[in-house]
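# Inside the fold
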Amino acid sequence: MESVFFITGSSRGIGKALAEAILAADEKNWVVGLSRTNSLEHERFVFVETDLSKEVSQVAVELFKQYQPKKKIVLVNNAGTLGQAAPMGKMDNAQLEQAFQVNISAAAVLMNEFIRAYAEGPAQPLILNISSGAGKYPVDGWSAYCASKAALDMLSEVAALEAQKKGNSLKVYSLAPGVVDTAMQGEIRNTSKEDFSRVEDFRKMKEEGILASPGQVANKILILLQQPERFEGVQQDVRHF
Ligand SMILES: NC(=O)c1ccc[n+]([C@@H]2O[C@H](COP(=O)([O-])OP(=O)(O)OC[C@H]3O[C@@H](n4cnc5c(N)ncnc54)[C@H](OP(=O)(O)O)[C@@H]3O)[C@@H](O)[C@H]2O)c1
C-alpha cells in the first residue's frame, strides 16, 4: 500500500465524492471510510462502521495500528452535522452535545491518535479538517455549528504550530468548502424562519443553481491533497483555489 486516506463521513456528500476522486486519481491510493452507513463499493475502499457521536478513541487506536503505507498517509475529518437549527434557550441538550461530539471532539481524538501513530513518518502525513465559513462569523440558529467549526480551525492551527516546533513533516489544513449541494444544504432549507432568519437566502441559492456539486469541490480538495506545497497557511477556502 503506497498511500492511505482515512475519510470520515464517506457515505454521502463531500466525503463520498472525495473518496471517489481519490480512488480514481491513482491506483495506488486506498481509502478507509468511517461513517454510520455506507454506499461505496470499490476494491481499494474499506468501510469502518463508526458512530462518531459515540466513543471513537478505541476505533482510532485500532485503526491506525493496521495501516503503514510507504508514501502518503492522510486523515480527512469531513463528517459534520448542522445539529438542531434553533436559538439557544430553545435547543435540546442531547442534540447540542451530539453536534460538538461529531464536529469537534471526534475530530480532535482522531487527530491525536493519527499524530501519535504517523507524525514521525515514514509516509508523508497530512491532516485536512473540513471546516466552514460559518466558523468565522456568527449565524443565528447555528450556535453549535459555528462554535464547533471555529474550534476546528483553532485545533488545526495548534496542531500545525506543534508540528512546526517539533520539526516533523506533518501538514495540517482547515478548509471551508463553500456552499455545496448536499443533504446538509437540504436540511438548512427545511429550517423554519423563526429558528434561522437567513433560511430564504439558502432557498434562493438553490433556486438560482449557484451551489457547487460535491464532485466539483472534491476535485479542488484533491489539488490540496496532491500538492500541499502550493498552499501556504492552515486555513483555506476552496473559493480561493
Ligand atoms: N454542504 C455545504 O454547503 C457545506 C458548507 C460548509 C461546510 N460543510 C462541511 O462539509 C462536511 C461534509 O458535509 P456535507 O455537506 O457533505 O454533509 P452531508 O451530506 O450531510 O454528509 C455528512 C456526512 O457525515 C457523516 N456523519 C454525520 N454524523 C455522523 C456520525 N454521528 N458518525 C459518523 N458519521 C457521521 C454522514 O454519514 P452517516 O450519516 O452515514 O453516518 C455523512 O457521510 C461537513 O463537515 C460540513 O460541516 C458543508
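Now for a look at the structure at hand. All values derive from a computational prediction rather than experimental measurement.

One finds F6, L18, V74, V76 and M111 to be the most contacted residues of the largest nonpolar core, which totals 61 residues. Looking at this core, the element that brings in the most residues is helix 3 (residues 93-118), giving ten residues. Sequence-distant contacts of M111, that is, excluding residues within four places in its chain, are made with L75, I127, L155 and A159.

Further remarks concern the packing of helix 3 against helix 4 (residues 143-166). The N-to-C vectors of helix 3 and helix 4 enclose an angle of 10°; their axes lie 9 Å apart at closest approach. In terms of orientation, helix 3 lies roughly parallel with respect to helix 4. The chirality of how helix 3 crosses helix 4 is right-handed. The residues of helix 4 that touch helix 3, namely those facing L96, A99, F100, N103, I104, A107, A108, M111 and I115, are A144, Y145, S148, K149, A151, L152, L155 and A159.

Our focus in this paragraph is the pairing of strand 2 (residues 29-35). Within strand 2, seven of the seven residues are buried, leaving the element largely enclosed by the surrounding structure. Of the two faces of strand 2, the one carrying N29, V31, G33 and S35 and the one carrying W30, V32 and L34 are both buried. On the question of chirality, the crossover connecting strand 1 (residues 3-8) to the parallel strand 2 by way of helix 1 (residues 13-25) is right-handed. The sheet contact formed by strand 2 and strand 3 (residues 45-49) spans five bridges and is parallel.

Taken together, 27 residues form the shell around the ligand, and within it G9, G13, R36, G80 and T182 come nearest. Considered class by class, the residues forming the shell around the ligand number ten nonpolar, 14 polar and three charged.

It is worth spelling out helix 2 (residues 57-66) at this point. Of all the residues in helix 2, the buried ones are V59, A60, L63 and F64. Down the axis, helix 2 shows its buried residues gathered within 110° of arc, on one side only. What points out from helix 2, more than 90 degrees from its buried face, is the exposed set S57, Q58, E62, K65 and Q66. Here the buried face of helix 2 lies against strand 3 and helix 3.

With parallel pairing, the seven strands of this open sheet are ordered in space as 3-2-1-4-5-6-7. What marks the edges here is a single partner per strand, and that holds for strand 3 and strand 7 (235-237). The average angle at which neighbouring strand axes cross in this sheet is 20°, direction not considered. Running over the sheet, helix 3 touches strand 4 (72-77) and strand 5 (124-130) and is turned about 170° from strand 4.

Here the focus is the packing of helix 1 against helix 7 (residues 214-226). Two numbers describe how helix 1 lies on helix 7: the axes approach to 8 Å, and their chain directions differ by 55°. In terms of axis orientation, helix 1 runs oblique to helix 7. For the pair helix 1 and helix 7, the crossing hand works out as right-handed. The residues of helix 7 that touch helix 1, namely those facing G13, I14, A17, L18, A21, I22 and A25, are P214, G215, V217, A218, N219, I221 and L222. Partitioning the contact of helix 1 with helix 7 into residue classes produces eleven nonpolar, three polar and no charged.

The buried fraction of strand 5 is high, at six of seven residues. Bridge count between strand 4 and strand 5: six bridges; the pairing is parallel. Bridge pairing in strand 5 places N77 opposite N129. Each parallel crossover has a hand, and for strand 4 linked through helix 3 to strand 5 it is right-handed.

Basis of the calculations
Residues numbered from 1 in each chain as written. Predicted model: local features only at pLDDT ≥ 70, side-chain atom pairs only at ≥ 80, totals over all residues. Core = buried A, V, L, I, M, F, W, Y, C linked by C-beta atoms within 7 Å. Buried ≥ 20, exposed ≤ 12 C-beta atoms within 10 Å, placed from the backbone. Helix = DSSP H or I, 4+ residues; strand = E, 2+ residues; numbered from the N terminus. Contact = placed C-beta atoms within 7 Å. Axes fitted to C-alpha atoms, helices over the stretch in contact; angles between N-to-C directions. Parallel < 35°, antiparallel > 145°, perpendicular 65-115°, else oblique. Left-handed = near helix turned anticlockwise from the far one by under 90°. Right-handed = clockwise from strand over helix to strand, strands pointing away. Pairing = 2+ DSSP bridges. Near = placed C-beta within 6 Å. Nonpolar A, V, L, I, M, F, W, Y, C, P; charged D, E, K, R; others polar. Arc of directions from axis to C-beta.

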